[in-house]
Amino acid sequence: MTTRAKVLAVTGGAALAAVLVLRAVTVHSVSWQPVIYRITATNNDLDAVEGLAAPGVQVQLWFRQRNFKEGTNDGQDRFGWCSWKNGGNAIFLGSTTADSGGVWRLTGLRLGTTVMLTPAAGSAKTCVGGVYTELLPRACDATGCSQWSAPTMHWLNVRKPNVRTGTAAGSVSGADQAALAVADGPNDGPEMSSVYDVDQNGVDTTQPGLTRGQRVTWKCGAGGTVGCPSVTVHDASTITTPDPEYPFVLGTLQAHRPGGSIIAAAAIPRGQDLGFAVNVNVRLRGRLDINLGCDQPKPFDFMTF
């Protein structure tokens, strides 16, 4: 089975068939909102986006951004929104046409408008430490364009409960698929295979036992929907072979639905000076970007280039 066939198989043939029938009868292909299933960030910046739409329609991609102070929805360490960039108005990133299989791609986005997906520095107390991004695709034809609609993030918190542990917790609603990760570096460094720099936990609200779009909360203690991811914060650097780790602990949340996706990243100081910094390179995968074989990719893939 080809990669494209695998992607379309996971989306559900009935949904795509319904779109094709709707186009044939009413010529309103924009009634089906595009969905994003893969996002790539290179050197901290948005680089590529892939998704699905009705075959043959034009897909426009827009974005909005704002900063936030990481924290919880209660207690002393409170989450807080900061002002929107560009007054909250969406900015155009590019457009393309969905192919005969409904797949659309925008690549080389770093060469145009720069969209930084990760914080400029780690900060637990100011807006510098959190970046929230909405990616807003819409399908357009002669009848007009579909309306974008992104999931809602309620809060995101990154903590170091002790010198050896980093955790991430958060809450989102209105998403079909969502995932949360905590990382102190990429998983492909020279450290021993028993040491992992990334932990993650994904949720698909379209599955039995959950309600589509319901509020999902990752919590480290009692309550919530699922447990919070946690990672051991270590420094495996040596004089001759430095471990490619981040100078901060990074929590990253992604959520997807037809018409919009969100990416939120928050960083807090690592607590030790590694003497150098590395860029964050990551692939974010929604449920649609899935290998039907034995090797199932995870929602987050942090890499070193």
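Residues numbered from 1 in each chain as written. Predicted model: local features only at pLDDT ≥ 70, side-chain atom pairs only at ≥ 80, totals over all residues. Heavy atoms only, no water.

A. Geometry of the overall build of the protein. For the protein, the helix and strand inventory stands at two helices and 19 strands. Put simply, the protein has 305 residues, and 50% of those count as buried. Taking all contacts inside the protein whose residues are at least 6 apart in sequence as the whole, residues at least 24 apart take part in 69%. For the protein, the accessible surface area stands at approximately 13,400 Å², while carbon and sulfur atoms represent 52% of it. (Helix = DSSP H or I, 4+ residues; strand = E, 2+ residues; numbered from the N terminus. Buried < 20%, exposed > 50% of the residue type's maximum accessible area, 1.4 Å probe, protein only. Contact = heavy atoms within 4.5 Å. Areas by Shrake-Rupley, 256 points an atom, 1.4 Å probe, with all protein chains shown as cover.)

B. Empty space enclosed by the protein, seen in detail. For the structure shown, the criterion picks out one cavity of 30 Å³ or more. One number sums up the size of the largest cavity: a volume of about 70 Å³. Looking at the largest cavity, the residues that line it are Ala41, Asn44, Leu117, Thr118, Leu250, Thr252, Ile263, Ala265, Val280, Val282, Leu284 and Phe302. At the level of secondary structure, the elements contributing two or more residues to the lining of the largest cavity comprise strand E16 (248–257), strand E17 (260–269) and strand E18 (281–285). By residue class, the composition of the lining of the largest cavity is nine nonpolar, three polar and no charged. (1 Å grid on protein atoms, 1.4 Å probe; cavity = no way out; pocket = protein on both sides within 12 Å on 5 of 7 lines; lining within 4 Å. Points joined across faces, edges and corners; volume = space filled by probe spheres on them. Nonpolar A, V, L, I, M, F, W, Y, C, P; charged D, E, K, R; others polar.)

C. Representation of unusual backbone geometry within the structure. For Asn43, which is not glycine, the phi dihedral falls at a positive 50 degrees. With respect to the secondary-structure elements, Asn43 resides in the loop between strand E1 (35–42) and strand E2 (45–52). According to the relative accessible area criterion, Asn43 is partly exposed, its value standing at 29%. Notably, Asn44 is not glycine yet its phi reads approximately 80 degrees, a positive angle. Tracing the backbone through its elements, the reader meets Asn44 in the loop between E1 and E2.

D. Broad picture of the pattern of salt bridges. For the coordinates displayed, the defined rule picks out seven salt bridges. Between Arg38 and Glu50 there is a salt bridge, with its nearest N and O atoms 2.8 Å apart. Highlighted residues: Arg38 in strand E1 and Glu50 in strand E2, separated in sequence by 12 residues. Judged by relative accessible area, which is 12%, Glu50 ranks as buried. For Asp301, the salt bridge goes to Arg285, with nearest N and O atoms at 3.9 Å. With Asp301 in strand E19 (residues 300–303) and Arg285 in strand E18, this residue pair connects regions lying 16 residues apart in the sequence. Taking the relative accessible area as the measure of exposure, Asp301 reaches 25% and is therefore partly exposed. For Arg285, a relative accessible area of 18% puts it in the buried group. Linked by salt bridges that have partners in common, Arg38, Glu50 and Arg105 make up one network. (Salt bridge = Lys/Arg side-chain N within 4 Å of Asp/Glu carboxyl O.)

E. Representation of the state of the cysteines. Throughout the structure, instances matching the rule amount to three disulfides. The disulfide partner of Cys140 is Cys145, and the S-S distance across this bridge is 2.0 Å. Between Cys140 and Cys145 the sulfur-sulfur dihedral comes to about 110 degrees; the bridge is accordingly right-handed. Look at Cys140 and you get buried, because its relative accessible area is 6%. Look at Cys145 and you get partly exposed, because its relative accessible area is 30%. By sequence-ordered numbering of the bonded cysteines, the protein has its disulfides arranged as 1-2, 3-4, 5-6. (Disulfide = S-S within 2.5 Å.)

F. Inspection of the side chain of Arg285 at higher detail. In this structure the side chain of Arg285 is engaged in a polar contact, spanning 3.4 Å, whose partner is the backbone oxygen of Lys298. Not counting chain neighbours up to four residues away, the residues in contact with Arg285 comprise Tyr37, Gln254, Pro297, Lys298, Pro299 and Asp301. (Polar contact = N/O pair within 3.5 Å; in protein donor to acceptor, adjacent residues only side chain to side chain.)

G. Broad picture of the sheet that holds E19. In spatial order, the strands read E6-E2-E1-E18-E19; together these five strands make up an open sheet with antiparallel pairing. Single-partner strands in this sheet number two, and they are strand E6 (103–106) and E19. The sheet shows a mean angle of 15 degrees between the axes of neighbouring strands, direction not considered. Inspection of the sheet shows E2 paired to E6 by four bridges, in the antiparallel sense. Directly across from Glu50, in E6, lies its bridge partner Arg105. (Pairing = 2+ DSSP bridges. Axes fitted to C-alpha atoms, helices over the stretch in contact; angles between N-to-C directions.)

H. Focus on the pairing of E2. Most of E2 sits inside the fold, with eight of its eight residues counted as buried. Sheet topology places E1 next to E2; seven bridges connect them, and they run antiparallel. Bridging across to E2, Arg38 finds its partner in Glu50. In textbook terms, the turn of a hairpin is the stretch between consecutive antiparallel strands, and for E1 and E2 this stretch comprises two residues, one of which, Asn43, has a positive phi near 50 degrees.

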